[in-house]
Amino acid sequence: MSLTRRATLLALAALACARPLRAAPVRYRLDTDASTVGFHFILNGISQTGSMPVLRAEILIDPDNLAASQVDVTVDVTRARTPFGFATQALVGPDMLDAARFPTIRFVSQSIQLGSAGRISSGARITGQLTIRGQTRRVTLAAGVYRPQGTDPDDLSRLQAQLTGRISRAAFGATGYPGLVRDEVMLDIVALVRAA
């Protein structure tokens, strides 16, 4: 092998080694005690709130390509709660969420549009498939992923993910009590996750 060719190969090898290594996507596990789905609805003209626990969440964050990050959240419908027992019974009953037949709600992301600063923490939107009562519809939710206050900017070991948006319950077949409960429901999903 000629001296020139050997020098060229060594230079190429050195350049390859000098390239920065890409960070691997980070998978997070759910802290179930600190995670919930809050929702707001209008009952007889009055705003009401309720909640459902998050059963599981898989969040994969790619620090080199935030738009390629993924979210998969499943909610336990059978443990839905509202301030009023009668409203809770109606909510999980056959005319609304029908928890006996459809015990979970699931959201799986398909694409992420980053916020104006190129981050998930400021104005991002996540589009994905939401399944309620066995019916799946495409929805877009406002998204935010944040580090706990006071942590180092490079410390991504614990994160809080928040997804918010509005849906039509009728679009998923939850059509009960139309004269009493407004169709639009506001969602507020909060998941505390830790690097696996």
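Small disclaimer: the values here were computed from a predicted structure and weren't measured.

Novice: Go over helix 2 (residues 85-92), please, and point to the residues and values.
Specialist: Because an α-helix completes one turn every 3.6 residues, residues spaced three or four positions apart along the sequence face the same direction. Of the positions making up helix 2, those classed as buried are Ala87, Thr88 and Leu91. Along the axis of helix 2, the buried residues cluster in a sector spanning 100 degrees; they form a single face. Of the residues in helix 2, the exposed ones pointing more than 90 degrees away from the buried face are Phe86 and Gln89. The secondary structure elements touched by the buried residues of helix 2 are strand 1 (26-43).

Novice: With reference to specific residues and values, describe the pattern of salt bridges.
Specialist: Here the structure, examined in full by the defined rule, presents five salt bridges. For Asp31, the salt bridge goes to Arg194, with nearest N and O atoms at 3.4 Å. Of this pair, Asp31 sits in strand 1 while Arg194 sits in strand 8 (residues 184-195), placing them 163 residues apart in sequence. Exposure remark for Arg194: the relative accessible area of 29% places this residue in the partly exposed category. A salt bridge links Arg166 to Glu184; its shortest N-O distance comes to 3.0 Å. Taken together, the residues Arg166 in strand 7 (residues 158-168) and Glu184 in strand 8 connect sequence positions 18 residues apart. The exposed category is assigned to Arg166, whose relative accessible area is 54%.

Novice: Tell me about the sheet that holds strand 7, and please be specific about residues and values.
Specialist: Sheet architecture is closed into a barrel: eight strands sit in the order 1-2-3-4-5-6-7-8, paired in antiparallel fashion. In this sheet, adjacent strand axes meet at a mean angle of 30 degrees when their direction is disregarded. As judged from the seven bridges shared by strand 4 (residues 104-113) and strand 5 (residues 124-132), these two strands associate in the antiparallel manner. Paired with Ser111 across the two strands is Thr127, which belongs to strand 5.

Novice: Describe the nonpolar core, listing the residues and the values that go with them.
Specialist: Membership of the largest hydrophobic core comes to 42 residues, with the highest contact counts inside it found for Met52, Leu130, Leu163 and Ile167. For this core, the leading source of residues is strand 1, giving six residues. For Ile167, the residues in contact, after removing those within four places along its chain, are Leu130, Ile132, Val139, Phe172, Asp183, Glu184, Val185 and Leu187.

Novice: Which residues make up the side chain of Asp98, and what values go with them?
Specialist: Counting through the fold element by element, Asp98 comes out in the loop between helix 2 and strand 4. Looking at Asp98, the relative accessible area reads 7%, which means it is buried. Apart from the residues lying within four places of it in its own chain, the contact partners of Asp98 are Leu91, Val92, Gly93 and Arg133.

Reading the values: rules and limits
- Residues numbered from 1 in each chain as written.
- Predicted model: local features only at pLDDT ≥ 70, side-chain atom pairs only at ≥ 80, totals over all residues.
- Heavy atoms only, no water.
- Buried < 20%, exposed > 50% of the residue type's maximum accessible area, 1.4 Å probe, protein only.
- Helix = DSSP H or I, 4+ residues; strand = E, 2+ residues; numbered from the N terminus.
- Arc of directions from axis to C-beta.
- Contact = heavy atoms within 4.5 Å.
- Salt bridge = Lys/Arg side-chain N within 4 Å of Asp/Glu carboxyl O.
- Pairing = 2+ DSSP bridges.
- Axes fitted to C-alpha atoms, helices over the stretch in contact; angles between N-to-C directions.
- Core = buried A, V, L, I, M, F, W, Y, C linked by side-chain atoms within 4.5 Å.

In short, the description is geometric, and any link to function would need to be established separately.
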